[in-house]
Amino acid sequence: MLPQFSYVRPDTIEEAITHLDRKGAAVHAGGTDLIGCLREGILHADTVVSLQGLEDCRGIRRTADGGLAIGALTTITEVAENPLVQQAYPGLARGAFEVASPQLRNQGTLGGNLCQKPRCWYYRGEFLCLRKGGSTCFALEGEHPFHAVFGHDLVCAITHPSDTAPPLASLEAAVEIIGPGGRRTVPVDRFHVMPKENPEAETVLEPGEVVTRIVLPKPEENLYSAYRKVRARRSWDFALAGVALALEMDADTVKRARVFLSGAAPVPWRSRSVEGAVTGRKLDDTTIQKAAEAVVEKADPLPGNTYKLDLFKGIIEEELFTARRNHD
Ligand SMILES: Cc1cc2nc3c(=O)[nH]c(=O)nc-3n(C[C@H](O)[C@H](O)[C@H](O)COP(=O)(O)OP(=O)(O)OC[C@H]3O[C@@H](n4cnc5c(N)ncnc54)[C@H](O)[C@@H]3O)c2cc1C
Ligand code: SF4
């Protein structure tokens, strides 16, 4: 049952911050994750502060330097279908399109997608695990087929659930934040928190802070961006394995690469080994094979999820072949 709470819907960000600067306040954007978390007792709130009245935090606009600013309240459908996003950042458009179901994409927001809670079944169930303030991670010794193969450090093995965060990180996007302490900007690839730093936090947001915009830099010429997601079923589901590629090409050579994995780790996982295997090289068969081997070089799978390593090798190989075909 949904517990009782007060609900406010301010019209200005300043008013929202005033409400959020009180103990027991929670941010509400589309509510697709928040309401479930409140109902399941994962989160507790005395006051739910809806951001839906904040028109400034909605919409997609070009920035003065040729990039793009996406309001945190922009729906995931709007991101997936926006022609500017599709044209300049196809990896992000694809990531947004891969989120959940049409209904959830219509209601869920980009800011909420970056800030959502993890999907580990112990966490979502009645287990007081480390992430909920308990003393142990039940997944490490228990059932963990969908859990992390990188970066868990034997602390907490969630995989970050967002399909938009890996493409945003690969495209060097930044998150604009406002809170009681003022404004700040954090690159998306430093927005999420590793369990060994703090197993109870998913993001660097401090109490009372909200994400207002996500800003993408102007894409380099000859940028190839893509996102690929593998899931257990064809209906809505979270990523078992996924990859966001951002490759700057110089003729048929990769000049610069940023590669982030989904379904891999507690945060969108940067694969520097794949980046190293392709940078400065032509995407020929040998390079692609080496990159596919490199993706699992530093993997740390758990006994029940070693199958994911072949998935990651397979998607890296297929996506680099696709990148080559697109460039021919
Ligand atoms: C059945 C189901 C399947 C799903 N499948 C996928 C999937 O395949 N891929 C995927 O990426 N996601 C998936 N999701 C997650 C879904 O995309 C998120 O629920 C959605 O993006 C959250 O957006 P929202 O606006 O509804 O956030 P809310 O539910 O309103 O908020 C989510 C969390 O973020 C916080 N928050 C929201 N906005 C802000 C902000 N601007 N600043 C600070 N904090 C904020 C809230 O306090 C809350 O803790 C799924 C969800 C469901 C219920
Ligand atoms: S993986 Fe994380 S969320 Fe899941 S049981 Fe372990 S500590 Fe809890």
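Residues numbered from 1 in each chain as written. Chains lettered and ligands numbered in written order. Predicted model: local features only at pLDDT ≥ 70, side-chain atom pairs only at ≥ 80, totals over all residues. Heavy atoms only, no water.

> Can you break down the layout of surface pockets residue by residue, with the values?
Its volume calculated, the second largest pocket comes out at about 480 Å³. Forming the boundary of the second largest pocket are 19 residues, of which Val 267, Pro 268, Trp 269, Arg 270 and Arg 272 lie nearest the centre. Elements represented by at least two residues in the lining of the second largest pocket include exactly β12 (269-270) and α11 (272-278). Across the lining of the second largest pocket, the residue classes break down as 9 nonpolar, 4 polar and 6 charged. (1 Å grid on protein atoms, 1.4 Å probe; cavity = no way out; pocket = protein on both sides within 12 Å on 5 of 7 lines; lining within 4 Å. Points joined across faces, edges and corners; volume = space filled by probe spheres on them. Helix = DSSP H or I, 4+ residues; strand = E, 2+ residues; numbered from the N terminus. Nonpolar A, V, L, I, M, F, W, Y, C, P; charged D, E, K, R; others polar.)

> How would you summarise the pattern of salt bridges if you had to cite specific residues and measurements?
One pass over the full model with this rule turns up 23 salt bridges. Residue Arg 124 pairs with Asp 33 through a salt bridge whose shortest N-O separation is 3.0 Å. Taken as a pair, Arg 124 in helix α8 (residues 121-124) and Asp 33 in the loop between β2 (25-28) and α2 (34-39) lie far apart in primary sequence, 91 residues in all. The class of Arg 124 is buried, set by a relative accessible area of 15%. Residue classification places Asp 33 among the buried residues on the basis of a relative accessible area of 12%. In this structure, the salt-bridge partner of Lys 196 is Asp 153, at a minimum N-O distance of 3.9 Å. Linking Lys 196 in the loop between β7 (182-187) and β8 (210-216) with Asp 153 in the loop between α9 (138-141) and α10 (165-170), this pair joins segments that are 43 residues apart in sequence. Residue class for Asp 153 comes out partly exposed when judged on its relative accessible area of 37%. Because the salt bridges share partners, they merge into one network encompassing Glu 172, Asp 189, Glu 248, Arg 256 and Arg 258. (Salt bridge = Lys/Arg side-chain N within 4 Å of Asp/Glu carboxyl O. Buried < 20%, exposed > 50% of the residue type's maximum accessible area, 1.4 Å probe, protein only.)

> Lay out the nonpolar core with the relevant residues and their values.
In terms of nonpolar packing, the biggest core is built from 32 residues, with Leu 247, Leu 261, Leu 283, Phe 312, Ile 316 and Leu 320 touching the most fellow members. Sorting the residues of this core by element identifies β9 (223-230), β10 (241-250), β11 (253-262), α11, α12 (285-294) and α13 (307-327) as the ones contributing at least two each. A per-element tally of this core places α13 first, with 6 residues. Excluding residues that lie within four positions of it along the chain, Leu 320 makes contacts with Leu 245, Leu 247, Val 278, Leu 283, Ile 288 and Ala 291. Residues Ile 70, Val 85, Ala 96 and Val 175 belong to the second largest nonpolar core, which totals 30 residues. (Core = buried A, V, L, I, M, F, W, Y, C linked by side-chain atoms within 4.5 Å. Contact = heavy atoms within 4.5 Å.)

> Which residues make up the site of ligand 2, and what values do they have?
As a matter of local geometry, ligand 2 sits amid 13 residues, with Cys 120, Cys 129, Cys 137, Cys 156 and Ala 157 nearest to it. Contributing elements (two or more residues each) for the shell around ligand 2: α8 and α9. (Near = heavy atom within 4 Å.)

> I'd like a description of the packing of aromatic side chains, backed by residues and values.
In total, this model carries 6 aromatic pairs according to the counting rule given. Pairing Phe 150 with Trp 269 gives two aromatic rings, centres 5.6 Å apart and planes at 25°, and the pair type is stacked. Taken together, the residues span a long stretch of sequence, with Phe 150 in the loop between α9 and α10 and Trp 269 in strand β12 at a distance of 119 residues. The exposure class assigned to Phe 150 is buried, which follows from its relative accessible area of 4%. Given the relative accessible area of 23%, Trp 269 is considered partly exposed. Measuring from ring centre to ring centre gives 6.3 Å for Phe 150 and Phe 312, while their planes differ by 75°; the resulting arrangement is edge-to-face. Here Phe 150, found in the loop between α9 and α10, pairs with Phe 312, found in helix α13; they are 162 residues apart in sequence, far enough to count as distant. Three or more aromatic residues joined by ring pairs make a cluster, and in this case those are Tyr 122, Phe 127 and Phe 138. (Phe/Tyr/Trp six-rings, centres within 6.5 Å; stacked < 30°, edge-to-face > 60°.)

Purely spatial values, then, with no claim about function.
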